[in-house]
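Residues per chain, in single letters:
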Amino acid sequence: MPCLFCEIAGGRIPAKVAYQDDTVLAFHDINPQGPTHILVIPRRHITSLMDLTEKDDVLVGNLVRRARDLAKQTGLGERGFRLVFNAGEDAGYSVYHVHLHLVGGRRLSWPPG
Ligand code: AMP
Ligand code: ZN
């Protein structure tokens, strides 16, 4: 069974793309948890946070900075937003290809559910 986000990164499954370059792709979540909900992923398959190594540090920095830029571009820079990496069952991790959630556009409660 091919990885869903690899299929999206390869253009074989459609997504509403918000940003792309050689290493990073950002697209709108199919089941948005707020007025803005974008997923930022590495094009290269990494199964989960648990598989990151030191050589991925630049890539992870790029994911975070790109998500921050997208937050700014969608007008969330002033009002705020949340960036989330889920990992494992307790966090409801469901697509096993590392992704950073950008959620915003509404008041977000803390602690999260
Ligand atoms: P997580 O629970 O962190 O693994 O998040 C996976 C996210 O992927 C969920 O928010 C889903 O709504 C989202 N998702 C699943 N399938 C698609 C898809 N085909 N296009 C866009 N987002 C998707
Ligand atoms: Zn993948």
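What you see is a predicted model; the values in this text were computed from it and never measured. (Residues numbered from 1 in each chain as written. Chains lettered and ligands numbered in written order. Predicted model: local features only at pLDDT ≥ 70, side-chain atom pairs only at ≥ 80, totals over all residues. Heavy atoms only, no water.)

## Examining the overall build of the protein chain
Quick note on the threshold: Under the DSSP-based scheme used, a helix requires at least four consecutive residues in state H or I and a strand at least two consecutive residues in state E, with every element numbered from the N terminus. Relative accessible area decides the class of each residue, using a 1.4 Å probe on protein chains only: under 20% of the type maximum gives buried, over 50% gives exposed, and in between gives partly exposed. Any pair of residues with heavy atoms lying within 4.5 Å of one another is described as a contacting pair. We get accessible surface area from the Shrake-Rupley algorithm with a probe of 1.4 Å; when it comes to residues, only the shown protein chains can shield them. His is not counted, nor are the chain ends, whereas Lys and Arg count as positive and Asp and Glu as negative. Charge positions are represented by NZ for Lys, CZ for Arg, CG for Asp and CD for Glu.
On a plain count of helices and strands, the protein chain comes out with two helices and five strands. Helices and strands in the protein chain line up, N terminus first, as α-β-β-β-α-β-β. Its C-alpha atoms give the protein chain principal-axis dimensions of about 35 × 30 × 30 Å. The buried share of the protein chain, taken over its 113 residues, is 35%. For the protein chain, contacts bridging at least 24 residues in sequence account for 51% of all contacts bridging at least 6. When the accessible surface of the protein chain is split by element, carbon and sulfur atoms take 53% of a total near 7,100 Å². In the protein chain, 13 side chains carry a positive charge and 12 a negative one; their mean positions are 9 Å apart.

## A few points about the sheet that holds strand E2 (residues 24-28)
Strand pairing within a sheet occurs via backbone hydrogen bonds; the two strands may be parallel or antiparallel. To keep things clear, this is the line we draw: Pairs of strands are assigned from DSSP output, requiring at least two bridges between the strands. Here an angle of 0 to 180 degrees is reported between the N-to-C directions of two axes, which are lines fitted to C-alpha atoms, with helices fitted over the stretch in contact.
An order of E1-E2-E3-E5-E4 is seen for the five strands of this open sheet, with the pairing classed as antiparallel. Two strands close off the open sheet at either side, each with one partner strand: strand E1 (17-20) and strand E4 (81-84). Looking at each pair of strands side by side, their axes are set apart by 15° on average, direction ignored. Contacts from helix H2 (residues 57-73) reach E1, E2, strand E3 (36-42), E4 and strand E5 (100-104) within the one sheet, and its direction differs from that of E3 by about 155°.

## Examining unusual backbone geometry
The step from Trp 110 to Pro 111 runs through a cis peptide bond, and the omega angle for that step is 0°. Following the sequence through the fold, Pro 111 ends up in the segment after E5.

## Topic: the coordination of the zinc ion (ligand 2)
Applicable threshold: Metal coordination here is assigned from N, O and S atoms located within 2.8 Å of the ion, or within 3.2 Å for Na, K and Ca; omission of water means that sites may look incomplete. A four-donor site is classed as tetrahedral when every donor-metal-donor angle falls between 85 and 135 degrees; four donors are called square planar, and six octahedral, when trans pairs exceed 155 degrees and all remaining angles lie between 65 and 115, with any other arrangement labelled irregular.
Looking at the metal site, the zinc ion (ligand 2) is ligated by Cys 3 (SG), Cys 6 (SG), His 45 (ND1) and His 97 (ND1), spaced 2.0 to 2.3 Å from it. Metal-centred angles of 106 to 118° between the four donor atoms at the zinc ion (ligand 2) mark the site as tetrahedral. For the zinc ion (ligand 2), all donor residues lie on one chain, and their spacing in sequence is C-x2-C-x38-H-x51-H. Taken together, the residues span a long stretch of sequence, with His 45 in the loop between E3 and H2 and His 97 in the loop between E4 and E5 at a distance of 52 residues.

## Quick word on the site of ligand 1
Note the cut-off: By convention in this text, a residue qualifies as near a molecule or strand provided that one of its non-hydrogen atoms is within 4 Å of it. In protein, a polar contact requires one atom able to donate a hydrogen and another able to accept it; more generally it is a pair of N or O atoms within 3.5 Å, and residues adjacent in sequence count only if both atoms are side-chain atoms.
Near ligand 1 there are 16 residues, and of these Asp 29, Asn 86, Ser 94, His 99 and His 101 occur at the shortest range. Ser 94 places a polar main-chain atom, nitrogen or oxygen, 2.7 Å from an oxygen atom of ligand 1. Within the side chain of His 101, one N or O atom sits 2.8 Å away from an oxygen atom of ligand 1. Computed on the free molecule, ligand 1 has an accessible area of 510 Å², of which 83% lies beneath the protein chains in the complex. A total of three residues in the shell around ligand 1 trace back to one element, the largest contributor, which is helix H1 (residues 4-9).

## Focus: a nonpolar patch on the surface
Filter applied, for reference: Like charges within 9 Å and nonpolar side chains (Val, Leu, Ile, Met, Phe, Trp, Tyr) within 5 Å are joined into patches, using only residues over 30% in relative accessible area that form no salt bridge. Any Lys or Arg side-chain nitrogen found within 4 Å of a carboxyl oxygen on Asp or Glu counts as a salt bridge.
Among the surface-exposed residues, Val 64, Phe 81 and Leu 83 lie close enough to one another that they form a single nonpolar patch of about 200 Å² accessible area. The residue Val 64 is located in helix H2 in this model. By relative accessible area, Val 64 is classed as partly exposed at 34%.

In short, the description is geometric, and any link to function would need to be established separately.
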